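# Structural characterization, general
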Amino acid sequence: MNYRTHIASSLSEIGQAAWDGLIMAQPRSNPFLSYAFLHALHASGSASAESGWQPQFIALYDGAVLAAAMPLYVKSHSYGEYVFDWAWADAYRRNGLDYYPKLLSAIPFTPVSGPRLMAIDAQARAALVKVLGAIQQSSAFSSTHILYPPEEQAQMLAEAGFMLRSGVQFHWLNAGYTDFDAFLATLEAKKRKNIRAERRKVREAGVKLRRVRGIDAQEADWRLFHRCYEHTYAAHHSTPYLNLDFFLRIGAAMPHNILLVIAERDGKPVASSMVIHSAETLFGRYWGELEHVPCLHFETAYYQPLEFCIEQGVAVFEGGAQGEHKMARGFLPTKTWSAHWLAHPAFADAVEHFLEREAGGIDEYIDELNERNPFRARGAGVGGRS
């Protein structure tokens, strides 16, 4: 079948109805792929050509029907990706070659797995991969990087000549717990005791927590959250990726997917976190504090969302990038994937050998982590996924 190909410099060229219709047809879509989330990133200027994220989405049409699409960006840097290729870029620079611009398929600033080769069927998905290959071969881009695809799409990309890279995240799995104490009962005694001690410290500091669903959040809540978020970046001498306009936009456009946790002491706000969720999965994303309270990060960013998952029957809490400390709180290692294509043959060969060595190390690391399973017995919790 012949498809009409369109390279969209703006998601509005594809349209919300067509884009969201295609996303909903995917077996493992998530809120970060929605038109609302991506459009908020672009319209707010958080992810734009000016900030180094130039949209170049691929759209394939069968007549008037959007048959396949891929979120794709021209990147002039490697910030906000969470799969690190700085060493590759530096090697190019030291050899007098340009690593940027490069092509990147990912959700900006969001280390969450999900489909990158969206299609209505296998035929359209295969055609999408061929179009991507043609763009690579005919352009001056140094490389193409597909971040956090599901394993089956990673394998499809490997068959198309991409090199695969694995990583590790930590996810919590809901075993049908009746309440937070039921979850704690499955953990080793020391882990259980530490969590209770952390939560007690927050209470003894006079901090009270409240959860605000997105549908109930007011502009003042969003301004408070952004102030906490911005303050924490400044404390680490860094610049936040996301602005207030972005948060106000997603608050208005996708409120049913959002939960805010606000911490207050003596009636004054001291910290806040924000998570995004679907009916099945909660994704830990953003946090900030106005003053430091011991263990408050764990309470707002982990324990309150965990209680929400248990109450709402949410099956999985994806804890985001990195963080072995999450294991002590019941999160288990999960393998993630990325796929990479480099135009320069010598560098492609060098990276391929590096990834082969790295993959062995990742597998050993996951095995080591699984030996430190935080649950009381192998059958007490739910095992990690790969």
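Description of the structure in this document.

What counts and what doesn't
- Residues numbered from 1 in each chain as written.
- Predicted model: local features only at pLDDT ≥ 70, side-chain atom pairs only at ≥ 80, totals over all residues.
- Heavy atoms only, no water.
- Axes fitted to C-alpha atoms, helices over the stretch in contact; angles between N-to-C directions.
- Helix = DSSP H or I, 4+ residues; strand = E, 2+ residues; numbered from the N terminus.
- Parallel < 35°, antiparallel > 145°, perpendicular 65-115°, else oblique.
- Left-handed = near helix turned anticlockwise from the far one by under 90°.
- Contact = heavy atoms within 4.5 Å.
- Nonpolar A, V, L, I, M, F, W, Y, C, P; charged D, E, K, R; others polar.
- Buried < 20%, exposed > 50% of the residue type's maximum accessible area, 1.4 Å probe, protein only.
- Arc of directions from axis to C-beta.
- Polar contact = N/O pair within 3.5 Å; in protein donor to acceptor, adjacent residues only side chain to side chain.
- Pairing = 2+ DSSP bridges.

### Details of the packing of helix H3 (residues 86–94) against helix H11 (residues 345–371)
Working note: a packed helix pair is described by the angle between its axes plus the distance between those axes. It is at 12 Å that the axes of H3 and H11 come closest, and there the two elements cross at 150 degrees. Classified by the angle between their axes, H3 and H11 sit roughly antiparallel to one another. The way H3 lies across H11 gives a crossing that is right-handed. Contacts between H3 and H11 pair Trp 88, Ala 91 and Tyr 92 from the former with Phe 347, Val 351, Phe 354 and Leu 355 from the latter. Here the contact of H3 with H11 is built from residues that sort into seven nonpolar, no polar and no charged.

### A short note on the packing of helix H2 (residues 35–43) against helix H9 (residues 244–253)
One way to put it is that H2 packs onto H9 with a least axis distance of 9 Å and a crossing angle of 155 degrees. Looking at the two axes, H2 sits roughly antiparallel to H9. In the packing of H2 onto H9, the handedness of the crossing is right-handed. Facing Ala 36, Phe 37, His 39, Ala 40, Leu 41 and Ala 43 of H2, the residues of H9 in contact are Asp 245, Phe 246, Arg 249, Ile 250 and Ala 253. Grouping the amino acids of the contact of H2 with H9 by side-chain chemistry returns eight nonpolar, one polar and two charged.

### Regarding helix H1 (residues 16–24)
Where H1 is concerned, the buried positions are Trp 19, Leu 22 and Ile 23. Buried positions in H1, seen along its axis, are confined to an arc of 100 degrees and lie on one side of it. Along H1, exposed side chains directed more than 90 degrees from the buried face belong to Ala 17 and Met 24. Looking at the buried residues of H1, the elements they touch are H2, strand S3 (57–62), strand S4 (65–70) and strand S7 (118–119).

### Looking at the side chain of Asn 373
In this fold, Asn 373 is placed in the segment after H11. Take Asn 373: its relative accessible area is 14%, and that puts it in the buried class. Among the polar contacts made by the side chain of Asn 373, one reaches the main-chain amide nitrogen of Phe 375 at a distance of 2.8 Å.

### Side note on the pairing of strand S8 (residues 143–147)
The element S8 is largely enclosed, with a buried count of five among its five residues. Across the two faces of S8 the burial is the same, with Ser 143, His 145 and Leu 147 and Thr 144 and Ile 146 all buried. Strand direction decides the pairing type here: strand S6 (residues 102–105) and S8, joined by three bridges, are parallel. Paired with Leu 104 across the strands is His 145, a residue of S8. Sheet topology note: the S8/strand S15 (residues 332–342) ladder contains five bridges and is antiparallel. Note on S15: the bridge partner recorded for Thr 144 is Trp 341.

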